[in-house]
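Observations on chain architecture
This is what each chain is made of:
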Amino acid sequence: MEEIFQLVSFPFMQRAFISCIILSVLLGLLGTFIVPRKMAFMADGITHASLLGIALGLLLGVFPLALALTIAIIMGAIVAALRNNPRITLDGLIGILLVTGMSSAIIIFALTPGYKPELFSYLFGSVVATTWVDVYVLCGLAVITLPLIKYFWRSLVLTTVHEQLSRVMNLPAHTANYFLFIFTAITLVTGVKLLGIILVSGLLIIPVLSANLITNSLRKAVIVTITLAILGSIVGLIMSFIFDLPSGPCIALTLVVILLGCFVVNTLIRMTKTSA
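This is a predicted model, so every value here is computed, not measured.

Describing the overall build of the chain
Counting its secondary structure elements, the chain contains 14 helices and zero strands. Rg of the C-alpha trace for the chain: 19 Å, near the compact-globule value of 19 Å for 276 residues, within the 12% margin. Seen through its C-alpha atoms, the chain measures out along the principal axes to roughly 60 × 55 × 30 Å. Counting the 276 residues in the chain, one finds 50% classified as buried. For the chain, the exposed area adds up to about 13300 Å²; of that, 72% sits on carbon and sulfur atoms. Here the chain holds 14 positive side-chain charges and 8 negative ones, and the gap between their average locations is 19 Å.

Following this line, the structure appears as C-alpha cells:
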C-alpha cells in the first residue's frame, strides 16, 4: 500500500493519473455513441492518420501535438461530411485516411535527420512523456466538451438509435454528428502521448463493450463505461510503473482483462436466468 502512495508522490505519475481520469471520462462518453454506430474503426483511422501531424512537428521543430490536432480535426470533419455518401463506404473512407496519413508520416520520418526517440512514446505511450501542458490541454478540452455533450445529448442519443427520426423531430442532428466526430478525433489525439497512437482507441472501444455486457440501459452503461475506463487506466498505469513497461499496452491489456471479466459475468447471469 505504501508503494501505491509513493507513486502518487511523483509529479510525472500525478500528471499521468489526472490525464487518464480525464481521458476516461471523455472517451467513455463519446464512445457510448461511437461504438453503437459501428464506427470503432474510425478511432484507429484518425489516430494513425494524425501521425502525419506528429511527423511534421518533429521535422519542423514545432509542437507536434498541435499539428496532430489540426490533422485530427480535418479528418473528423471529412468523416462527418462524407459518412452518408453512397459512392464511398465509411470503412473505405477511414481506410483511405489511415493509409494517406501513415504513408506521408513514414516518408517524412525518413527525411527527418537524426535519431527520433520521441517516436516510440508517440506510438506506444509513455508515462514520463506527459507534461503539465498536456494536462492543461486535456482540462481545457473537458471544459469545452462536457457542456457540449450535455447540450447535444438528446440529438446524440436519437441519431445513434435512428438518425432519420432525429431529423423528423427537428433536432440538430447534422451539427451533433460533426461535434461527435471532430471532438472524438481531438480527444483521441490528446491521449496519444500517454497511451500511444496504436492503443489509444482501446480506451474508446473496450469500456463501452464491457459495460454493454453487464448493463441494460443507456444511463447505467455510461456510468459503468466511465468507471471501467478509469479503473483500467489506473491499474494499467500502476503496472506500467512497477514493471517499467510502456503505459499504452499495460492499460490496453488491463481493459481487455476487464472485458473478459464482464463476459464471464454476463454468461453466468444468462445461465442463471435459463436455469430459473
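Continuing now.
Comments concerning the nonpolar core
Ranked by internal contacts, the top residues of the largest apolar core, which has 72 residues, are Met42, Leu204 and Leu237. With 12 residues, the single largest contributor to this core is helix H2 (residues 11-34). Aside from chain neighbours lying at most four places away, what touches Met42 is Ile34, Val79, Ile94, Phe181 and Thr184.

Comments concerning the packing of helix H4 (residues 51-60) against helix H5 (residues 64-82)
Packing of H4 against H5 brings their axes to within 7 Å, and their N-to-C directions diverge by 145°. In this structure, H4 crosses over H5, and the sense of that crossing is right-handed. Each of Leu52, Gly53, Ile54, Leu56, Gly57 and Leu58 in H4 lies in contact with H5, whose residues at this interface are Pro64, Leu67, Ala68 and Ile71. Residue composition of the contact of H4 with H5, by class: eight nonpolar, two polar and no charged.

Regarding the environment of Phe12
Mapped onto the elements of the fold, Phe12 is located in helix H2. C-alpha of Phe12 to C-alpha of Ala77: the two residues are 65 residues apart in sequence and 34 Å apart in space. Those residues within four positions of Phe12 in sequence are excluded, and the remaining contacts are Val127, Val128 and Phe241.

Topic: the packing of H2 against helix H13 (residues 218-243)
Where H2 meets H13, the closest approach of the two axes is 8 Å, and the angle between their N-to-C directions is 150°. With respect to each other, H2 and H13 are oriented roughly antiparallel. Of the two elements, H2 crosses H13, and the hand of that crossing is right-handed. Residue-level inspection shows Phe12, Met13, Ala16, Phe17, Cys20, Ile21, Ser24, Val25, Gly28, Leu29 and Thr32 of H2 in contact with H13, the latter providing Leu218, Val222, Thr225, Ile226, Ala229, Ile230, Ser233, Ile234, Leu237, Ile238 and Phe241.

Description of the confidence of the model for the chain
Low pLDDT marks stretches whose predicted atomic positions should not be read closely. Taken residue by residue, the chain gives an average pLDDT of 88. The fraction at 70 or more is 97%. Least confident of the elements in the chain is helix H1 (residues 2-9), whose mean pLDDT is 71; most confident is helix H12 (residues 201-214), at 94.

Focus: the side chain of Asn177
Looking at the element boundaries, Asn177 is found in helix H10 (residues 173-190). Setting aside chain neighbours within four positions, we find Asn177 in contact with Arg37, Ala80, Arg83, Thr159 and Glu163.

A look at the environment of Ile88
Looking at the secondary structure, you find Ile88 in the loop between H5 and helix H6 (90-111). As a C-alpha pair, Ile88 and Pro147 span 59 residues in sequence and 33 Å in three-dimensional space. Among all residues touching Ile88, those that are not within four sequence positions of it are Leu82 and Leu93.

Quick word on the packing of aromatic side chains
For the structure shown, the criterion picks out eight aromatic pairs. Taken together, a centroid distance of 6.1 Å and an interplanar angle of 35° make the contact between Phe12 and Phe241 tilted. Taken together, the positions of Phe12 in helix H2 and Phe241 in helix H13 put the pair 229 residues apart, joining distant regions of the chain. An aromatic cluster is present here, built from Tyr151, Phe152, Phe179 and Phe183 joined pairwise through their rings.

A closer look at the pattern of salt bridges
Evaluation of the coordinates by the stated rule reveals one salt bridge. Asp134 is paired through a salt bridge with Lys193; the nearest N and O atoms lie 3.2 Å apart. One end of the pair, Asp134, is in helix H8 (residues 132-161); the other, Lys193, is in helix H11 (residues 192-195), with 59 residues separating them in the sequence.

Considerations on helix H3 (residues 40-49)
Of all 10 residues in H3, seven are buried; the element is thus mostly enclosed. When H3 is considered as a whole, its buried residues turn out to be Met42, Ala43, Gly45, Ile46, Thr47, His48 and Ala49. In this structure, the buried residues of H3 make contact with H2, H4, H5, H6, H10 and H12.

A word on H6
The first and last C-alpha atoms of H6 sit 32 Å apart over 22 residues, in line with the 32 Å expected at 1.5 Å per residue. For H6, the complete set of buried residues consists of Leu93, Ile94, Gly95, Leu97, Leu98, Gly101, Ala105, Ile108 and Phe109. Those residues of H6 that are buried lie in contact with H3, H4, H5 and helix H7 (118-124).

Cut-offs applied
Residues numbered from 1 in each chain as written. Predicted model: local features only at pLDDT ≥ 70, side-chain atom pairs only at ≥ 80, totals over all residues. Heavy atoms only, no water. Helix = DSSP H or I, 4+ residues; strand = E, 2+ residues; numbered from the N terminus. Rg over C-alpha atoms; globule rule 2.2 N^0.38 Å. Buried < 20%, exposed > 50% of the residue type's maximum accessible area, 1.4 Å probe, protein only. Areas by Shrake-Rupley, 256 points an atom, 1.4 Å probe, with all protein chains shown as cover. Lys, Arg positive; Asp, Glu negative; His and termini not counted. Charge placed at Lys NZ, Arg CZ, Asp CG, Glu CD. Core = buried A, V, L, I, M, F, W, Y, C linked by side-chain atoms within 4.5 Å. Contact = heavy atoms within 4.5 Å. Axes fitted to C-alpha atoms, helices over the stretch in contact; angles between N-to-C directions. Left-handed = near helix turned anticlockwise from the far one by under 90°. Nonpolar A, V, L, I, M, F, W, Y, C, P; charged D, E, K, R; others polar. Parallel < 35°, antiparallel > 145°, perpendicular 65-115°, else oblique. pLDDT = per-residue confidence, 0-100. Phe/Tyr/Trp six-rings, centres within 6.5 Å; stacked < 30°, edge-to-face > 60°. Salt bridge = Lys/Arg side-chain N within 4 Å of Asp/Glu carboxyl O. Expected span 1.5 Å × (residues − 1).

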